Amino acid sequence: MTLKSRIIGCGLYVPERVLTNEDLEGMVDTSDEWITTRTGIKERRIVSGERAVELATGAARMALKEAGLKPKDVELVVVGTVTPDNIFPSTACLVQAELGMKSGIPAFDVAAACSGFLYALDVADRYIKTGAVKTALVIGVDVFSRIIDWKDRATCVLFGDGAGAVVLRQTRGKSGILSSHIHSDGRYWEMLYTPGALNESPFEKKSPHKPFLKMKGNETFRMAVKTMGEAIKEAMKKNRLSPKNIALVIPHQANIRIINAIKDRLGMDTARVFSNIERYGNTSSASIPIALYEALHSGRIKRGDVILLVAFGGGFTWGATVLRW
Ligand code: ACO
């Protein structure tokens, strides 16, 4: 049997502070009714001082505990994030240091906005499949509250902060990642982006931009439905699957209407498409690993189940991963 990687531990970490739609009503011209009907979000978690590395480390500790491993057992750390605490060192290096992992292992971040976790998973899976490492820690973490314009009602109601993590282990068994498909199209970068936040040097003019996320919501919505639909088709074709063979789809949690559109395209019922968006909003790279943890620990995933993860984000980037649990 060929080498595969299998998830042997999951973890999540979200800040304690809850920001409800009612709280937002006091901050911008919006309403709980608008946010709920247009997005499905009721509340989100927001940091009050915690750094991205603290969230990432919290999720990683939980995943390692569930895997029954020590930080010293990890041979590779890949973190999906676009909101690191520092431009460098990477969040992965900070997590490595914080948890006391072995010196010398590769540790790096991957930037693919809301597709960041599936990109990071893809990279780690390839390291494991080629035999380069046996155990990898994959984390999705984002702190979008730091790049949101809290006066812009069109975007500030959508996002939340958090982290999720998984431990991957090499296996020759039937369970594990069956295929992974990641894509991007940089021509669409202006649909969803954050202007640079670097200081100007004495050799160039001052940038007039504030480092706030900008999004063309309607276009992004349409592209999210289209590209995630294509990625699902590609992943199903590769594994000769039809929707009836898939026990659970875990889509990126950006908008309940996007999730429902995917569900309708697949002709699947609500029970087989996971959503927790009402409690977290869009946590970018953290959204899929948080959802995976909650799906697993609420009994929605059983041994042998075929699970499909699908994501979309700024770049544009998108992707899908099929795994047998
Ligand atoms: N409260 C009240 N009204 C609002 C709010 C708000 N928070 N935000 C916008 N509105 C208003 C608009 O001003 C507009 O008013 P108008 O008709 O008077 O001009 C009206 O509501 C409708 O606005 P739309 O933008 O057309 O609303 P839509 O139904 O498209 O929903 C949304 C907007 C939720 C942003 C949706 O387009 C969306 O979810 N887009 C995709 C988001 C996404 O998938 N992002 C990708 C991942 S993110 C990442 O990678 C970083």
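Right above here is the structure, for reference.
Residues numbered from 1 in each chain as written. Predicted model: local features only at pLDDT ≥ 70, side-chain atom pairs only at ≥ 80, totals over all residues. Heavy atoms only, no water.

Caption draft 1: Summary view of a nonpolar patch on the surface. Taken together, the side chains of Ile-87, Phe-88 and Leu-198 define a hydrophobic patch exposed on the protein surface, amounting to about 420 Å² of accessible area. Position of Leu-198 relative to the elements: it lies in the loop between strand E9 (192-193) and strand E10 (214-215). We classify Leu-198 as exposed; its relative accessible area is 62%. (Patch = residues over 30% accessible without salt bridge, like charges linked within 9 Å, V, L, I, M, F, W, Y side chains within 5 Å. Areas by Shrake-Rupley, 256 points an atom, 1.4 Å probe, with all protein chains shown as cover. Salt bridge = Lys/Arg side-chain N within 4 Å of Asp/Glu carboxyl O. Helix = DSSP H or I, 4+ residues; strand = E, 2+ residues; numbered from the N terminus. Buried < 20%, exposed > 50% of the residue type's maximum accessible area, 1.4 Å probe, protein only.)

Caption draft 2: Structural context of the site of the ligand. Close contacts around the ligand come from 28 residues, with Thr-30, Arg-38, Cys-114, Asn-218 and Asn-255 the closest. One of the backbone N or O atoms of Cys-114 is found 3.5 Å from an oxygen atom in the ligand. Contact distances for the ligand include 2.5 Å between an oxygen atom and a side-chain N or O atom of Asn-218. Within the complex, the protein chains bury 75% of what would otherwise be the 1,000 Å² of accessible surface of the ligand. Within the residue set of the shell around the ligand, elements represented by two or more residues are helix H2 (32-39), helix H6 (153-156), helix H7 (217-238), helix H8 (256-266) and strand E12 (306-313). Here the shell around the ligand is composed, by residue class, of 14 nonpolar, 10 polar and 4 charged. Counting residues domain by domain, the shell around the ligand receives three or more from each of domain 1 (4-174) and domain 2 (178-324). (Near = heavy atom within 4 Å. Polar contact = N/O pair within 3.5 Å; in protein donor to acceptor, adjacent residues only side chain to side chain. Nonpolar A, V, L, I, M, F, W, Y, C, P; charged D, E, K, R; others polar. Domains from an automatic or database assignment.)

Caption draft 3: How the structure looks around the sheet that holds strand E1 (residues 4-13). Taken together, 5 strands build an open sheet; the order of strands is E1-E7-E6-E4-E5 and the sheet is mixed. In this open sheet, the two strands that pair with only one neighbour each are E1 and strand E5 (107-110). Ignoring strand direction, the axes of neighbouring strands in this sheet form an average angle of 20°. The sheet contact formed by strand E4 (residues 76-80) and E5 spans 4 bridges and is parallel. In the sheet register, Val-77 faces E5, and the bridge partner there is Ala-107. Where helix H10 (residues 287-297) meets the sheet, it contacts E1, strand E6 (135-143) and strand E7 (161-171), and its direction lies at approximately 95° from that of E1. (Pairing = 2+ DSSP bridges. Axes fitted to C-alpha atoms, helices over the stretch in contact; angles between N-to-C directions. Contact = heavy atoms within 4.5 Å.)

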